[in-house]
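# Structural description and commentary
The lines below spell out each chain.
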Amino acid sequence: MSGVTAPARDLRDIPGAGPLSAGGVEVTAIRRELAELLPGEDAEARARRALADFARRPPESMDHGLAEAAGCALEDLVVLDLETAGLWGNPLFLVGLLLVENGRAVTLQLLAPDYAREGAVIRAASALLAERRVLVTFNGKSFDAPFLRERGGFHGVGDVIAAQMNHLDLLHPARRRYRDELPDCRLQTLERHVTGLHRAGDIPGDEIPAVYHEYVRTGDAELLVPVLHHGRLDVVTTLRLLTNLLGE
């Protein structure tokens, strides 16, 4: 997957970075088109075909965990993945989304460049989520969604994820499908064995909080490059995994 960049000492040097207004606030966002991240592979077209084919299947042939995708177009979905400054009780600093903008699938990462901007990022994320019908995550029912709601409550943001929004979490459908074939069903294992994507230029997830704290201390945006790459990989892999699950 493309996405590793040259050193970036300032956020403005990171490809795709710029201001975004949503929910009455302006935040820093990094926007990259899916076609740019996966050159030579039309992942967007594959996802659209998989959704269309899935809608034509009889309900009894569907994994019940995927039923929320029935009848959906890609424009109805938003993939979500968070990066946080630690476990529960710590702030989040990056909301990663994959969604369709102006007819094109993009990754959109909302970044808090310091701890004080967490609330603005959550407000912007809430506004963007409200424009979609179905939230797609991997283990998001246990982590991402409750974490986002908890941090939203801390900042007085109600209904960060609208109650009427359907939530399609791929963890359990993936386990049912692949548990007898793979050593485990972690996202990166599924990424390698199911989607065929091999990470390069990545950072281990458990190192990310320390890197963010160091970025806040120094302002050196080069530190964030592998973190942003990691977050993009997670949402792209989640979409590719959904495509595979719908087609099986």
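How each quantity is defined
- Residues numbered from 1 in each chain as written.
- Predicted model: local features only at pLDDT ≥ 70, side-chain atom pairs only at ≥ 80, totals over all residues.
- Heavy atoms only, no water.
- Axes fitted to C-alpha atoms, helices over the stretch in contact; angles between N-to-C directions.
- Helix = DSSP H or I, 4+ residues; strand = E, 2+ residues; numbered from the N terminus.
- Parallel < 35°, antiparallel > 145°, perpendicular 65-115°, else oblique.
- Left-handed = near helix turned anticlockwise from the far one by under 90°.
- Contact = heavy atoms within 4.5 Å.
- Nonpolar A, V, L, I, M, F, W, Y, C, P; charged D, E, K, R; others polar.
- Buried < 20%, exposed > 50% of the residue type's maximum accessible area, 1.4 Å probe, protein only.

## A closer look at the packing of helix α5 (residues 171-178) against helix α8 (residues 225-246)
When two helices pack together, their arrangement is given by the angle between the helix axes and by the axis-to-axis distance. Axis separation between α5 and α8 bottoms out at 11 Å; the angle between their running directions is 50°. By the angle between their axes, α5 is oblique relative to α8. The element α5 and its partner α8 pack so that their crossing is left-handed. Judged by residue contacts, Pro 173, Ala 174, Arg 177 and Tyr 178 of α5 engage Leu 241, Asn 244 and Leu 245 from α8. Taken together, the residues of the contact of α5 with α8 break down into 5 nonpolar, 1 polar and 1 charged.

## Some points on the packing of helix α6 (residues 187-195) against α8
Remark: α6 packs on α8, axes separated minimally by 10 Å, with the N-to-C direction vectors making an angle of 55°. By the criterion of interaxial angle, the relationship of α6 to α8 is oblique. Crossing geometry of α6 relative to α8 is assigned as left-handed. Facing Leu 187, Gln 188, Leu 190, Glu 191, Val 194 and Thr 195 of α6, the residues of α8 in contact are His 230, Leu 233, Asp 234, Thr 237, Thr 238, Arg 240, Leu 241 and Asn 244. The class makeup of the residues in the contact of α6 with α8 is 5 nonpolar, 6 polar and 3 charged.

## Considerations on the environment of Val 136
When you line up the elements, Val 136 lands in strand β6 (residues 134-137). For Val 136, a relative accessible area of 0% corresponds to the buried category. Separated by 83 residues in the primary sequence, Val 136 and Gly 219 place their C-alpha atoms 32 Å from one another. Not counting chain neighbours up to four residues away, the residues in contact with Val 136 comprise Leu 77, Val 78, Val 79, Leu 80, Leu 168, Leu 170, Thr 238 and Leu 242.

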